[in-house]
Each structure stands twice: as structure tokens, then as C-alpha cells.
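Fold and contact review
Each chain is listed here by its residues.
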Amino acid sequence: KAVVSTQSTGEYASNRSLKICGYYHANEYHSDNDIGAIATRIADKIADNCDNSCLIMVDNEKLNHIATELPLHAYFPVRTNDRIDWKLAEQPTLQFGEKGLAIGPEILKKQLYRSIIDMDNHYDDISLHWDNKAINEVVQLFAEGMGS
């Protein structure tokens, strides 16, 4: 599924003159913050097509309703011969990072995450689309309501 998902998103981006330059991943279990084989394989594929790619891992243990720091770790690719190693960035800087901390608790309180459609949902029911436009619109409204 990961390969097909990567191809589908690649086509989606290409058809809109966009480029996939990063991947974010959240592991299923709260205590699991390792970069697994699937995340690595997808991020490697993206790095093959984008020199300035990144891998964003959700730090599940920091993900809560009272987050005081971004619950994310950013990694960048380091190439050695034919191999890619993912190195942790010292201090990731994300656009809207502070606003994200303010919006996050509200989104968790509203349980908006329960409405996220990922590729697995899409494959189970093709009528569901993984672009999550409705959620993006709600998040934008939260951001505007907080004085963007």
C-alpha cells in the first residue's frame, strides 16, 4: 500500500504542478517514536526526487492537549554512497509553529483527528478522499479565529 500511496500522491502533486518534498509519520503506539521501515522507505523515495526533502515524525509522547512545544522531530537526508541516513535536525523551524501550539488543544478537544482520512481509509472506501479538504478548512477557521 505504501508504494501505491506514494505513487498516487505523486500523481496528484504532478497534476497540480506541485512537488512532494516531505513526509510526516506518526506511529500507532504512544511509546513508539522510532523511524520505522515504512517511514524510511517512503522518505527515501521522496529524497530521491527532492534534494531538500525532510521527514517529520510525530513525537507521540509529547502529543497532548497542553503541549508546550511542538510534538514533532524533523529529519533531513544525508547521503553516503547509495544509502540515505536520516539525521535529526537540531531545532526544527516550522511556519505557524507557535500558532499550531495554540490551535492544537482546540483541535484535540473537538476530536477533529477522528475525521482524518488517510490512504488506508481511501482504499477501504474509494468515495473518501485523503486530501482532507474539509479538515483543512476547519483548521484554517480556527487559525483565523485566533488572530492570524
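Since we're looking at a predicted model, the values are computed, not measured. (Residues numbered from 1 in each chain as written. Predicted model: local features only at pLDDT ≥ 70, side-chain atom pairs only at ≥ 80, totals over all residues. Heavy atoms only, no water.)

Moving on to the overall build of the chain. Counting its secondary structure elements, the chain contains five helices and four strands. Reading the chain from its N end, one meets helices and strands in the order α-β-α-β-β-β-α-α-α. Counting across all 148 residues of the chain, residues that qualify as buried make up 27%. Intrachain contacts of the chain at a sequence separation of at least 6 include 55% that bridge at least 24 residues. Counting only carbon and sulfur atoms, one obtains 52% of the accessible surface of the chain, whose full area is about 10500 Å². (Helix = DSSP H or I, 4+ residues; strand = E, 2+ residues; numbered from the N terminus. Buried < 20%, exposed > 50% of the residue type's maximum accessible area, 1.4 Å probe, protein only. Contact = heavy atoms within 4.5 Å. Areas by Shrake-Rupley, 256 points an atom, 1.4 Å probe, with all protein chains shown as cover.)

Our focus in this paragraph is the confidence of the model for the chain. Here the chain averages 80 in pLDDT, while 81% of its residues score no lower than 70. Per-residue pLDDT, averaged within each element of the chain, yields its smallest value for helix α3 (residues 97-109) (67) and its largest for strand β4 (residues 83-88) (92). (pLDDT = per-residue confidence, 0-100.)

With 11 residues, the main nonpolar core is built from Tyr23, Ala39, Ile42, Ala43, Ile46, Ala47, Leu55, Met57, Tyr75, Ile84 and Trp86. Contributions of two or more residues to this core are made by α2 (37-49), β2 (54-58) and β4. The element contributing the most residues to this core is α2, with five residues. Setting aside residues up to four positions removed in sequence, Trp86 forms contacts with Ile35, Thr40, Ala43, Asp44, Ala47, Ser53, Cys54, Leu55, Tyr75, Phe76 and Pro77. (Core = buried A, V, L, I, M, F, W, Y, C linked by side-chain atoms within 4.5 Å.)

To continue, consider α2. Compared with the 18 Å implied by 1.5 Å per residue over 13 residues, the 19 Å span of α2 between its first and last C-alpha is a close match. Within the span of α2, buried status applies to Ala39, Ile42, Ala43, Ile46 and Ala47. Around the axis of α2, the buried residues are gathered within 140° of arc, so they sit on the same side. Pointing more than 90 degrees away from the buried face of α2 are the exposed residues Ala37, Arg41, Asp48 and Asn49. (Expected span 1.5 Å × (residues − 1). Arc of directions from axis to C-beta.)

Summed over the entire model, instances satisfying the criterion amount to three salt bridges. The shortest N-O distance in the salt bridge between Lys62 and Asp59 comes to 3.9 Å. Taking relative accessible area as the criterion, Lys62 reaches 28% and is therefore assigned partly exposed. For Asp59, a relative accessible area of 8% puts it in the buried group. (Salt bridge = Lys/Arg side-chain N within 4 Å of Asp/Glu carboxyl O.)

The subject of this paragraph is the sheet that holds β4. On the basis of which strands lie adjacent, the open sheet formed by four strands has the order β1-β2-β3-β4 and mixed pairing. Each edge of the sheet is formed by a strand with only one pairing partner; in this case those strands are β1 (22-25) and β4. Neighbouring strand axes in the sheet, compared pairwise and without regard to direction, differ in orientation by 25° on average. Pairing analysis gives four bridges linking β1 to β2, with the strands arranged parallel. Looking at β2, one finds that Tyr24 is bridged to Ile56. (Pairing = 2+ DSSP bridges. Axes fitted to C-alpha atoms, helices over the stretch in contact; angles between N-to-C directions.)

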